[in-house]
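Residue-level structure breakdown
What follows is each chain in one-letter form.
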Amino acid sequence: MKDFDTLTRELEEKIRQEEEQIYSKKAREEAYNPKNVGELDNPDGAARITGPCGDTMQIHLRVDDEKITDSRFITDGCGASVACGSVITQLIKGKAIEEALKITPEDVLDVLDGLPDDNVHCAVLAVETLRAAINDYRTRQNGERMKSVSKSF
Ligand code: FES
């Protein structure tokens, strides 16, 4: 009879082999070693969205002069959503807000060399969360503008 450690090792190896068949090398790399995980102190824009699958993603933005200088994400979702959060936060760094708004789920999927059909919505969730965070940034900016306008009266 095999000992517990051997059984665990065999199971891990089986899972690894299955993942290799389903996910691209790039998707596995981003899922296992995601970049930009976490939160920013006092973000300039933030959003948290729960997708139809029930998983949630949060994105924080730091914006200087209409340019995204930093970004963090958190998700309680699947490995694919972790990979998508990692990719999208890397894609937007250094981009003007207008450019970041043009990023599509297909752009995220391209970087990951694709995802299985069942995981395409993970890329959609990442893009929708980004757009909501940019919306939040715009709303805050408008609020600041309104404050300074009302102060000048
Ligand atoms: Fe729901 Fe990936 S975000 S399964």
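Just so you know, these numbers come straight off a predicted model, no measurement behind them. (Residues numbered from 1 in each chain as written. Predicted model: local features only at pLDDT ≥ 70, side-chain atom pairs only at ≥ 80, totals over all residues.)

Let us look at the overall build of the chain. In terms of regular secondary structure, the chain is built from six helices and three strands. In sequence order, the secondary structure elements of the chain are arranged as α-α-β-β-β-α-α-α-α. For 153 residues, the compact-globule formula gives about 15 Å, and the C-alpha radius of gyration of the chain, at 19 Å, lies well above that figure. Seen along its three principal axes, the alpha-carbon backbone of the chain occupies a region of about 85 × 30 × 25 Å. In the chain, once contacts between residues fewer than 6 apart in sequence are set aside, the share between residues at least 24 apart is 61%. (Helix = DSSP H or I, 4+ residues; strand = E, 2+ residues; numbered from the N terminus. Rg over C-alpha atoms; globule rule 2.2 N^0.38 Å. Contact = placed C-beta atoms within 7 Å.)

In spatial order, the strands read β1-β2-β3; together these three strands make up an open sheet with antiparallel pairing. Edge positions in the sheet fall to β1 (45-50) and β3 (67-75), since each has one partner strand and no second. Taken pair by pair, the neighbouring strands of this sheet meet at an average axis angle of 15 degrees, ignoring direction. Across eight bridges, strand β2 (residues 56-64) lies against β3 in antiparallel orientation. From the neighbouring strand, histidine 60 faces β3, where its bridge partner is arginine 72. Those strands touched by helix α3 (residues 79-92) are β2 and β3, and its axis lies near 170 degrees from that of β3. (Pairing = 2+ DSSP bridges. Axes fitted to C-alpha atoms, helices over the stretch in contact; angles between N-to-C directions.)

Spanning 14 residues, α3 covers 20 Å between terminal C-alpha atoms, matching the ideal 20 Å at 1.5 Å per step. Taken across its 14 residues, α3 has 12 buried, putting it largely inside the fold. Every buried residue belonging to α3 is among Ala80, Ser81, Val82, Ala83, Cys84, Gly85, Ser86, Val87, Ile88, Thr89, Leu91 and Ile92, and all of these are buried. Glycine 94 sits one or two residues past α3 and shows a positive phi near 90 degrees. (Expected span 1.5 Å × (residues − 1). Buried ≥ 20, exposed ≤ 12 C-beta atoms within 10 Å, placed from the backbone.)

Core analysis: the largest hydrophobic core is formed by 32 residues, its most contacted members being Ala83, Cys84, Ile88, Val108, Ala123, Ala126 and Leu130. Elements supplying a minimum of two residues to this core: α2 (25-32), β2, β3, α3, α5 (105-111) and α6 (120-151). Looking at this core element by element, the count peaks at nine residues for α6. Ignoring sequence-local partners within four residues, the contact set of leucine 130 consists of Ile59, Ile88, Ile92, Ala100 and Ile103. (Core = buried A, V, L, I, M, F, W, Y, C linked by C-beta atoms within 7 Å.)

Here α2 crosses α3 at 85 degrees, and the two axes come no closer than 8 Å. When the interaxial angle is binned, α2 and α3 end up roughly perpendicular. When α2 is examined against α3, the residues Ala27, Glu30 and Ala31 are found in contact with a partner set consisting of Gly79, Ala80, Val82, Ala83, Ser86 and Val87. When the residues that make up the contact of α2 with α3 are grouped by side-chain class, the tally is six nonpolar, two polar and one charged. (Parallel < 35°, antiparallel > 145°, perpendicular 65-115°, else oblique. Nonpolar A, V, L, I, M, F, W, Y, C, P; charged D, E, K, R; others polar.)

Looking now at unusual backbone geometry. Phi at asparagine 42 takes a positive value of approximately 45 degrees, unusual for a residue other than glycine. Within the secondary structure layout, asparagine 42 lies in the loop between α2 and β1. With 7 C-beta atoms counted inside 10 Å, the residue asparagine 42 sits in the exposed group. Although it is not a glycine, aspartate 65 sits at a positive phi angle of roughly 55 degrees.

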